[in-house]
Amino acid sequence: MDEKNISRAVIRRLPRYYRYLGELLEEGVERISSNELSSKMHVTASQIRQDLNNFGGFGQQGYGYNVPYLYTEIGKILGLDHMHHMIIIGAGNLGQALANYVQFEKRGFMVVGIFDINPVLKGISIRGNEIRMMNELPEFLRTNDVQIAALTLPKSNAAETAKILVENGIKAIWNFAHLDLSVPEDVIVENVHLSESLMRLSYNLNRYVTEHKK
Ligand code: NAI
């Protein structure tokens, strides 16, 4: 399978395919046509065919897509076929909410540590992980195999914390702080901005309201 030339737009759509296919699997669906998948996902059938053709051999004329196969292959592309260990830096509202979310584990993302600087939080257990203080972080990273760090701390402390993480070998940062991080080339940052999603919602709502006034 040649994944080298797949556009970022297609890669961005893969998690959605993965989610739908997972739901189909849970319903016991073994195969599905691009037309059926299209009406479920509200994406055109030709878009689906184009997207999935990137990976070659998933669909067969007159048969459709083999759901378990497609699910497994997309899972592999997304790196979901093995467990990732994740730590959370900043055990406030958002950090604790992430740590409490069971579904990440089901997708292969296991929270193995939660860190903060507030001594009041030290030792509080969140789904079996006791909140640790930041001075324990370097030693923790030396002795545990951690691939991902989620940053759920104030923007003002994000850059300094990212530096510590990178110095201690972290290669993937899931950044919730509203700050564009400068990291070395071999470190991957995925920014999450719920407020941007809300702004898109607001834009679409405004557009809808305006169009229906006409
Ligand atoms: P919060 O105030 O409840 O929690 C922040 C936690 O970070 C506190 O427990 C604090 O002690 C800790 N902290 C501060 N400096 C630290 C450091 N250097 N090392 C480790 N821990 C440190 O805040 P909340 O609501 O959980 O938000 C956290 C961050 O996430 C904020 O930057 C907020 O703007 C951002 N946020 C981003 C969203 C997004 O969609 N990207 C959505 C909601 C919040």
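Residues numbered from 1 in each chain as written. Predicted model: local features only at pLDDT ≥ 70, side-chain atom pairs only at ≥ 80, totals over all residues. Heavy atoms only, no water.

### Considerations on the site of the ligand
Taken together, 22 residues lie near the ligand, and L94, D116, N157, V192 and L194 sit nearest. Residue N93 places a main-chain N or O atom 2.9 Å away from an oxygen atom belonging to the ligand. Out of a free accessible area of 860 Å², the ligand has 75% covered by protein chains. Contributions of two or more residues to the shell around the ligand are made by α5 (93–100) and α8 (155–167). Tallied by class, the residues present in the shell around the ligand amount to 11 nonpolar, 9 polar and 2 charged. (Near = heavy atom within 4 Å. Polar contact = N/O pair within 3.5 Å; in protein donor to acceptor, adjacent residues only side chain to side chain. Areas by Shrake-Rupley, 256 points an atom, 1.4 Å probe, with all protein chains shown as cover. Helix = DSSP H or I, 4+ residues; strand = E, 2+ residues; numbered from the N terminus. Nonpolar A, V, L, I, M, F, W, Y, C, P; charged D, E, K, R; others polar.)

### A few points about the sheet that holds strand β6 (residues 125–126)
Spatially, β6-β7-β5-β4-β8-β9-β10 is the arrangement adopted by the 7 strands of the open sheet, whose pairing is mixed. Here the strands that pair on one side only, and so sit at the sheet edges, are β6 and β10 (188–191). Sheet analysis places β6 next to strand β7 (residues 129–133), joined by 2 bridges and oriented antiparallel. Along β7, the bridge assignment pairs S125 with E130. (Pairing = 2+ DSSP bridges.)

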